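Below are the chains, spelled out letter by letter.
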Amino acid sequence: MSLLVVAVGLAPTRAFAAPPAWSAGETIALPAQASGVSSSLSSVSCYGAANCSAVGTFLNGSGIRRPMVVADRGGVWGRAVEIQLPSNADSYNPIGRLSSISCSAPGWCAAIGAYEESAGRERPILVSERAGVWGAASELQLPNVAESVENVNVNLLHSISCSGTGSCTAVGSYIEAIPAENDIREAIVVSAQDGVWE
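Small disclaimer: the values here were computed from a predicted structure and weren't measured. (Residues numbered from 1 in each chain as written. Predicted model: local features only at pLDDT ≥ 70, side-chain atom pairs only at ≥ 80, totals over all residues. Heavy atoms only, no water.)

Chemist: Could you clarify how one ought to interpret the state of the cysteines in this entry?
Modeler: Disulfide: a covalent bond formed between the sulfur atoms of two cysteine residues. Scanning all chains against the criterion turns up three disulfides. Paired through a disulfide, cysteine 46 and cysteine 52 show a sulfur-sulfur distance of 2.0 Å. Taking the torsion about the sulfur-sulfur bond, which here is approximately 100°, the covalent link between cysteine 46 and cysteine 52 counts as right-handed. Cysteine 52 gets classed as buried once you look at its relative accessible area, which sits at 10%. The disulfide partner of cysteine 162 is cysteine 168, and the gap between their sulfur atoms is 2.1 Å. Taking the sign of the S-S torsion, 105° for the link of cysteine 162 and cysteine 168, the bridge is right-handed. A relative accessible area of 11% places cysteine 162 in the buried class. Overall, the relative accessible area of 5% leaves cysteine 168 in the buried class. Take the cysteines of the protein that form disulfides and number them in order along the sequence; they join up as 1-2, 3-4, 5-6. (Disulfide = S-S within 2.5 Å. Buried < 20%, exposed > 50% of the residue type's maximum accessible area, 1.4 Å probe, protein only.)

What follows is the structure, given as structure tokens:
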């Protein structure tokens with residue numbers, strides 16, 4: 001029996017493309033409600049040359065952390081806009097944040113995050129951009145067995161990916177409502193079609 005070994009590689013004379021050059025960092029213009037004290041961006045998604053969108057948080061004039069999104073069109077970053085939280089957000093301390101975004105085409109993105117609802121529990125949220133317009137965030141409806149007591153970072157969405165116009169999938173986890181000493185974390189997946197979450 002003979003053994004044939006084939007090696008495949010690049011010719012030594014072939015030139016490698018130079019790595020892309022990064023632009024200098026720039027400050028994002030915050031929403032008009034921002035205090036200017038603290039802000040951050042946590043995730044970005046690009047869908048062509050110089051067309052990207054990013055999500056994060058900012059502090060408003062009352063010192064409350066709020067979710068925001070900002071877009072780069074043709075290499076120019078616009079002013080960030082605040083995303084409205086669900087109607088049952090805590091009226092005294094309506095905290096919210098966006099942690100991950102995915103875009104499939106200009107004007108078609110979706111993002112995930114969390115907010116504090118009226119009972120003081122942190123809940124996962126989803127929000128979609130359809131034809132260039134961002135809607136209000138909506139709370140992810142968890143299975144009936146999901147943990148119902150106040151507990152930060154219990155039920156969360158962790159990642160999102162969009163593959164077509166308004167077609168997205170997000171994944172995360174939740175804890176079943178059983179005695180705390182026996183908490184069992186379960187995986188969860190949720191999908192959207194045409195920018196509408198199912």
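Chemist: Got a minute to help me understand the pattern of salt bridges in this structure?
Modeler: For the structure shown, the criterion picks out four salt bridges. Arginine 66 is the partner of glutamate 82 in a salt bridge, and the nearest nitrogen-oxygen pair spans 2.6 Å. With a gap of 16 residues between them, glutamate 82 in strand β5 (residues 81-82) and arginine 66 in strand β3 (residues 65-73) connect regions that are remote in the sequence. Residue class for glutamate 82 comes out buried when judged on its relative accessible area of 16%. Among the residues examined, arginine 66 registers a relative accessible area of 9% and is labelled buried. (Salt bridge = Lys/Arg side-chain N within 4 Å of Asp/Glu carboxyl O. Helix = DSSP H or I, 4+ residues; strand = E, 2+ residues; numbered from the N terminus.)

Chemist: Would you take a moment to explain the side chain of serine 128 for this structure?
Modeler: Along the polypeptide, serine 128 turns up in strand β8 (residues 122-130). Each residue touching serine 128, except ones within four places of it in the same chain, is listed here: Cys109, Ala110, Val133, Trp134, Gly135, Gly195 and Trp197. (Contact = heavy atoms within 4.5 Å.)

Chemist: How should the nonpolar core be read in this particular structure?
Modeler: Note that soluble globular proteins tend to have their nonpolar side chains buried in a common cluster. One finds Ile83, Leu98, Ile101, Ala111, Val127 and Trp134 to be the most contacted residues of the largest nonpolar core, which totals 16 residues. Going through the elements one at a time, β6 (96-105), β7 (108-116) and β8 are the ones with two or more residues in this core. The residues touching alanine 111, leaving out its near neighbours within four places in the chain, are Val55, Leu98, Ser100, Ile101, Ile125, Leu126, Val127, Trp134 and Ile160. (Core = buried A, V, L, I, M, F, W, Y, C linked by side-chain atoms within 4.5 Å.)

Chemist: Is there a simple way to think about unusual backbone geometry in this case?
Modeler: Most peptide bonds are trans, and most residues other than glycine sit at a negative phi. One non-glycine residue, alanine 131, lies in positive phi territory at about 55°. Within the secondary structure, alanine 131 is located in the loop between β8 and β9 (133-134). Residue classification places alanine 131 among the exposed residues on the basis of a relative accessible area of 60%.

Chemist: I would appreciate a short explanation of the pairing of β3 in the present structure.
Modeler: Pairing analysis gives nine bridges linking strand β2 (residues 51-60) to β3, with the strands arranged antiparallel. Across the sheet, residue leucine 59 finds its bridge partner in β3, namely arginine 65. From the end of β2 to the start of β3, which pair antiparallel, there are four residues, and glycine 63 there has a positive phi angle of about 80°. Examined bridge by bridge, β3 and β5 share two bridges and lie antiparallel to one another. Residue pairing across strands places methionine 68 opposite glutamate 82, the latter belonging to β5. Taken together, the two bridges between β3 and strand β4 (residues 76-77) define a ladder with antiparallel strand orientation. Bridging from a neighbouring strand, aspartate 72 pairs with tryptophan 77 of β4. Between the end of β3 and the start of β4, which pair antiparallel, lie two residues, with glycine 74 showing a positive phi angle near 65°. (Pairing = 2+ DSSP bridges.)

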